[in-house]
Amino acid sequence: MTPSPRRVLLIAYDDAQILDIACPGSALDLANRFGAQPPYRIELATTGPPLTRTSAGILLTAAHNLTTVTGPVDTLMVVGGAGCEEAAADKRLLAQLRRLAPHTRRLASVCTGAYVLAAAGLLDGRRATTHWAWGERLARRHPEIAVDSRPLYIRDGNVYTSAGVTSALDLTLSLIEDDHGPTLAREVARELVTHLHRPADQAQISTFLAAPPPGDRLVRDLAAHINAHLAADLTPAALAARAGVSTRHLTRLFTAHLGTTPARAVRRARTEAAAHLARTSSLPLAAIALRCGFRTAETLRQAFLDHYGVTGDTFRRMPDTPPPLPPPPDQTPVP
């Protein structure tokens, strides 16, 4: 007998982010093309008129009005976007989410779609994430939720929340792998020309390589240099010489614009890159250490312990449930 399709409902509203819809939709469609069994049946639903306007001005036609949808549902995913605040205040939408939640195998949100799940009470008592720029606001509004806006996505039971926009792809690849195994997920990732897949615990943005305030080009240029040349000489003296400033002035600039010293910034950037390679490649940890600028595997091991609380070997074997996240920058030991 042909297995019944896995029904995936993408919940949209006016001014939703089109990439929040397209990323999971395209990844699941490719999974079907590569032989997912049972396949996914992808449906767009709204609580308003079938024609919904995305924030890009592109109109999409929903297959269903959510009020007419009955269970069971395999995956219900609320997307994010500029219209999330109005959606979170839409009592019809919230009521329908509460109605369908008990009949849904897994609930998910992309980006600020977490605001909608939160308003419906579906994140109460759970750990959740959202776009880094919206996390603090979500935490203030919903103190009953353990908001952590650092990871790319978080799974808490059967509820998944993800960060901004393209992290929807990372989340969806993870769901495909859960459903059909790593081989199919790898084929989808390869077709999409993306990584398979960035680990859930990878930071949304590197704490030290996020663009600093535009007024300080020197710090921005050095941050880009660090990211592109992890194995190079990145001592404070070398960075200061590159920038044409004293090491003391360089430290003042990094502290003012990145909240940490140059040495700590470099160590954190190298550790984040090593964590990504540990999860997404088969390279030996000794090779990863050299590629990311650590002199020895033992130095890398200590960096993992300081930042993640586990060794590199343990980190590599861990499932998507994230290890302890790194402490704030000013608590990270200087190498």
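None of the values given here were measured: they were computed from a predicted structure.

**Q** Now, about the nonpolar core: what can you tell me, with residues and values included?
**A** Leu9, Ile11, Leu66, Leu76, Leu97 and Ile176 are the most contacted members of the largest nonpolar core, which totals 62 residues. By size, the runner-up hydrophobic cluster in this structure holds 30 residues, among which are Ile226, Leu239, Ala274 and Cys292.

**Q** Which residues make up the state of the cysteines, and what values do they have?
**A** Linking two cysteines covalently through their sulfur atoms gives a disulfide. Here the structure, examined in full by the defined rule, presents zero disulfides. Note on Cys111: no disulfide assigned, nearest cysteine sulfur contributed by Cys84 at a separation of 7.6 Å. Residue Cys111 is classed as buried on the basis of its relative accessible area, which comes to 8%.

**Q** Describe the sheet that holds strand β10 (residues 153-156), listing the residues and the values that go with them.
**A** Pairing is mixed in the open sheet, where seven strands are placed in the order β5-β2-β1-β6-β7-β11-β10. Strands with a single pairing partner mark the edges of an open sheet, and in this sheet they are β5 (64-65) and β10. Pairing of strand β1 (residues 6-11) with strand β2 (residues 40-46), which is carried by six bridges, proceeds in the parallel orientation. Bridged to Leu9 within β2 is Glu43. Helix α1 (residues 18-33) rests against β1, β2 and β6 (73-78) of the sheet, and its axis sits at about 155° to β2. Each of β1, β2, β6, β7 (104-109), β10 and β11 (159-162) touches helix α6 (residues 167-180); the most contacted strand, β11, lies at about 150° to it.

**Q** Quick rundown of the pattern of salt bridges? Include the residues and the values.
**A** The final tally for this structure, using the stated rule, is 20 salt bridges. When the shortest N-O distance is used, the salt bridge between Asp74 and Arg6 registers 3.6 Å. Taken as a pair, Asp74 in strand β6 and Arg6 in strand β1 lie far apart in primary sequence, 68 residues in all. Take Asp74 and Arg6: they sit in the same class, and that class is buried. Where Arg126 meets Asp156, a salt bridge forms, and the shortest distance between an N and an O atom there is 3.4 Å. Taken together, the positions of Arg126 in the loop between α4 (113-119) and β8 (127-128) and Asp156 in strand β10 put the pair 30 residues apart, joining distant regions of the chain. A relative accessible area of 23% places Arg126 in the partly exposed class. Overall, Asp156 belongs to the partly exposed group, its relative accessible area being 23%. Ionic contacts of the salt-bridge type, sharing partners, join the residues Arg6, Asp74, Arg105, Arg106 and Asp179 into one network.

So, how was this worked out
- Residues numbered from 1 in each chain as written.
- Predicted model: local features only at pLDDT ≥ 70, side-chain atom pairs only at ≥ 80, totals over all residues.
- Heavy atoms only, no water.
- Core = buried A, V, L, I, M, F, W, Y, C linked by side-chain atoms within 4.5 Å.
- Buried < 20%, exposed > 50% of the residue type's maximum accessible area, 1.4 Å probe, protein only.
- Disulfide = S-S within 2.5 Å.
- Pairing = 2+ DSSP bridges.
- Helix = DSSP H or I, 4+ residues; strand = E, 2+ residues; numbered from the N terminus.
- Contact = heavy atoms within 4.5 Å.
- Axes fitted to C-alpha atoms, helices over the stretch in contact; angles between N-to-C directions.
- Salt bridge = Lys/Arg side-chain N within 4 Å of Asp/Glu carboxyl O.

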